[in-house]
Amino acid sequence: AKARGKNTFHFFSQDLNDAANERLQIENQLREAIRENQFLLYFQPKVDIRTEIITGYETLIRWLRPDNTLVPPVKFIPVAESTGLIVQIGEWIIWEACRFLARQQSRGYDVTLSINLSVRQFNDQDLPLIVERVLKRTGVKPRAVIFEITESMLMGDTDAAINQLNQLKRLGVSLSIDDFGTGYSSLSYLKRFPVDELKIDRSFVKDIPQDRNDMDIVAAIIAMAQKMNLRVVAEGVETAQQVEFLRNNGCFEVQGYFYSMPLAEQELSQLNYTVNT
Ligand code: C2E
Ligand code: CA
Ligand code: CA
Ligand code: CA
């Protein structure tokens, strides 16, 4: 048993070493990616299922390596987060996203643009200042900008979180709770935070209509959002049955492969949906 334990430890520490090396490698590559401008933003439409009109987009970052591989965010956001590089990358995201929104608005489109915030970025004291500067310089209508935060960001230092949210709200932007239901939600905390929207996580949507439990949860979240006068958006919608279920339960704004995958800006014109004007 002892020998086996030793062996297990050996393999375990080898794995740890590999993992640590991989992180270090990614960290170095991320620094290079920042220097060499290897990031780009994709945009996934949010569609009103009653009219099939595009009401907005969520921006999702991609990393295009020099060898032309497209790295998904799950592969590098955690490293960017733990190294702090996310603050710099995150500022670039806000700039690029608002420049995109300004182009949309200048073409007469009345669309919202959702931007994901990471933990470090949200906790950064300078965030409201950065956002204020970007809004001013790009000239976008602040009310079209939605920042997505997760429940976990609100659970630590509650006063600091409320203060940060209020500072952002003062700039005129909207706030959304992303991946809603996957964190430590409680009704009381929802009341305390100045949020405008709940975004139902894909994990609750993907097994509709097979999973009764998930259907009950989604229906409850929608009902709660309505009661609290919050907008509600469902993500990860892939099938007509899911659209039908959401419609019947009063959630009309959805995002998912059923309508469109996230696309590069120049690909958006190929979509067969009208954009809100
Ligand atoms: P998220 O914010 O929950 O974003 C939704 C994810 O679901 C996206 O993955 C999107 O491509 C994917 N998705 C959308 N519709 C469907 C669908 O119908 N089916 C399936 N299977 N997936 C769908 P993506 O782009 O790989 O992003 C993953 C996560 O990485 C995001 O989850 C978000 O937490 C993070 N992320 C992405 N972009 C950014 C960013 O610019 N900043 C920050 N801080 N995080 C980001
Ligand atoms: Ca999101
Ligand atoms: Ca998220
Ligand atoms: Ca999600």
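Look up: the structure comes first, before these words.
Residues numbered from 1 in each chain as written. Chains lettered and ligands numbered in written order. Predicted model: local features only at pLDDT ≥ 70, side-chain atom pairs only at ≥ 80, totals over all residues. Heavy atoms only, no water.

## Let's talk about the packing of aromatic side chains
Centre distance and the angle of the planes are the two values used to describe a pair of aromatic rings. Counted only if it meets this: Two rings from Phe, Tyr or Trp (for Trp, the six-membered ring) form a pair when their centres are within 6.5 Å of each other. A pair whose planes differ by under 30 degrees is stacked, one over 60 is edge-to-face, and the rest are tilted. Labels follow the DSSP assignment, with helices taken as runs of H or I lasting at least four residues and strands as runs of E lasting at least two, numbered in each case from the N terminus. A 1.4 Å probe rolled over the protein chains alone gives each residue an accessible area, and that area as a share of the maximum for its type sets the label: buried under 20%, exposed over 50%, partly exposed in between.
The tally for this structure, following the rule as stated, stands at 8 aromatic pairs. Ring centres of Phe39 and Trp63 lie 6.1 Å apart, and the angle between their planes is 45 degrees; this geometry places the pair in the tilted category. Placement of the pair is Phe39 in strand β1 (residues 39–48) and Trp63 in strand β2 (residues 53–64), with a sequence separation of 24 residues. The class of Phe39 is buried, set by a relative accessible area of 8%. With relative accessibility at 2%, the residue Trp63 sits in the buried group. Ring geometry for Phe39 against Trp92: centres 6.3 Å apart, planes inclined by 50 degrees, an arrangement best described as tilted. On the criterion of sequence distance, the pair formed by Phe39 in strand β1 and Trp92 in helix α3 (residues 85–106) is long-range, its members being 53 residues apart. An aromatic cluster is built from Phe39, Trp63, Phe76 and Trp92, whose rings are joined through pairwise contacts.

## A short note on the layout of surface pockets
This is how it is decided: A cavity here means a set of 1 Å grid points, computed over protein atoms only, where a 1.4 Å probe fits but cannot escape. A pocket is an open set with protein on both sides within 12 Å along at least 5 of 7 lines, and lining residues have an atom within 4 Å of a point. Grid points are joined across faces, edges and corners, and a volume is the space filled by probe spheres set on the points. Residue classes follow a fixed rule: Ala, Val, Leu, Ile, Met, Phe, Trp, Tyr, Cys and Pro count as nonpolar, while Asp, Glu, Lys and Arg count as charged, and any other residue, Gly among them, counts as polar.
The space that makes up the largest pocket amounts to roughly 980 Å³. Taken together, 33 residues line the largest pocket, and the ones lying closest to its centre are Glu58, Leu60, Pro73, Asn116 and Asp178. Ranked by residue count, the leading element in the lining of the largest pocket is β2, at 5 residues. Here the residues of the lining of the largest pocket sort into 15 nonpolar, 10 polar and 8 charged.

## Details of the coordination of the calcium ion (ligand 2)
The line we're drawing: Donors, by definition, are the N, O and S atoms found within 2.8 Å of a metal, the threshold being 3.2 Å for Na, K and Ca, and water is not counted, so a site can look incomplete.
Taken together, Glu58 (OE), Asn116 (OD1), Glu148 (OE) and Asp178 (OD) make up the protein donors of the calcium ion (ligand 2), found 2.1 to 2.4 Å from the metal. Donor residues for the calcium ion (ligand 2) sit on one chain with the sequence pattern E-x57-N-x31-E-x29-D. Exposure remark for Asn116: the relative accessible area of 27% places this residue in the partly exposed category.

## Considering empty space enclosed by the protein
Evaluated as defined, the whole model comprises 1 cavity of 30 Å³ or more. Approximately 40 Å³ is the volume attributed to the largest cavity. Val87, Gly90, Glu91, Ile94, Gln121, Asp124, Leu127 and Ile130 together form the lining of the largest cavity. Of all the elements in the fold, those that place two or more residues in the lining of the largest cavity are α3 and α5 (127–138). Looking at the lining of the largest cavity, the element that brings in the most residues is α3, giving 4 residues. When its residues are assigned to classes, the lining of the largest cavity shows 4 nonpolar, 2 polar and 2 charged.

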